[in-house]
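# Coordinates in review
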Amino acid sequence: MRSRETLSRHLVGEGIEVGPGNVPFVVPPGVAVRYVDRLSSEEHSALFYELPLVDFVEPDIVADLDTDGLRAIDSQSQDFVICSHVLEHLADPLGFLEEAHRVLRVGGVLLILLPDRRYTFDRDREPTPLDCLIRDHAAGATTPDDQHMLEFLLGADQGPDFTVPEDEAEREALFTWHRNRSIHVHCWTDGEFREVLRYCTKELGQHWEEVDQLAAEETGMEFGYALTRTLDTPKKRRWYSSARAKARVGY
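Residues numbered from 1 in each chain as written. Predicted model: local features only at pLDDT ≥ 70, side-chain atom pairs only at ≥ 80, totals over all residues. Heavy atoms only, no water.

### A few points about the confidence of the model for the protein chain
For the protein chain, mean pLDDT is 91; residues scoring 70 or higher make up 92% of the total. Counted against residues more than four places away or in other chains, residues 247-251, with its pLDDT under 50, gives 2 contacts. (pLDDT = per-residue confidence, 0-100. Contact = heavy atoms within 4.5 Å.)

Following this line, the structure appears as structure tokens:
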């Protein structure tokens, strides 16, 4: 069975992981990773008080991806960006993918892992339409709006904390609580999310080549990709992909 280790073998050099929370992605020996997160470990522990024995990663760079993006990171400065179970929480996933493309060097790797909605509490929800992502990106969304909140709270199977009150003030307090803790704003399967990646390459001018993938059927609940940031012409992309493959096997 393929696993996260399958994707991790594409990580070399120095890079970042965004939103590691309490489960940072395991990188191979010799790989240097810095962590980007919106909260310190102490702030995380206070917000998720029901997890008293959980150790949260102390970020090297404090940044809210919804409002700050990766502006603290120089363009074309990273060998890799790890985004594990983060993209579904963001108000503007397309904006983050643009930022990841910006900070990666040519040949750098974007490693994405996402929960498959069929195997999580999102199983009764509809997939996030691409049009919704495009609209939020055009609006520069920095927080999920009330419609996103309702869609999540009414669709996700999570128990009494997800019951929407009739009282307006109580409802707004519940929305604020969930916004602070971060919800699954979006949900997809592998096939549904590939439409997002196609849009990024065809319409947003990003240059990605898929070099590896992980299916939910292999993991039990998540799918993922290793995407290389390529040069901007097909001929150069083919050449660079071949050169990188030879370098990995020691030619």
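Having seen it, we continue.
### Things to note about the sheet that holds strand β7 (residues 222-229)
One open sheet accounts for 7 strands, arranged β3-β2-β1-β4-β5-β7-β6; its pairing is mixed. The sheet is open, and its two borders are formed by β3 (61-62) and β6 (208-214), each paired with just one other strand. For β6 and β7, the ladder comprises 6 bridges, and the chain directions are antiparallel. Bridging from a neighbouring strand, Leu-214 pairs with Gly-224 of β7. Seen against the sheet, helix α3 (residues 93-103) touches β1 (14-18), β4 (78-84), β5 (104-115), β6 and β7 and runs at an angle of roughly 145° to β5. Lying on the sheet, helix α7 (residues 190-202) is in contact with β5, β6 and β7; it crosses β7 at an angle near 20°. (Pairing = 2+ DSSP bridges. Helix = DSSP H or I, 4+ residues; strand = E, 2+ residues; numbered from the N terminus. Axes fitted to C-alpha atoms, helices over the stretch in contact; angles between N-to-C directions.)

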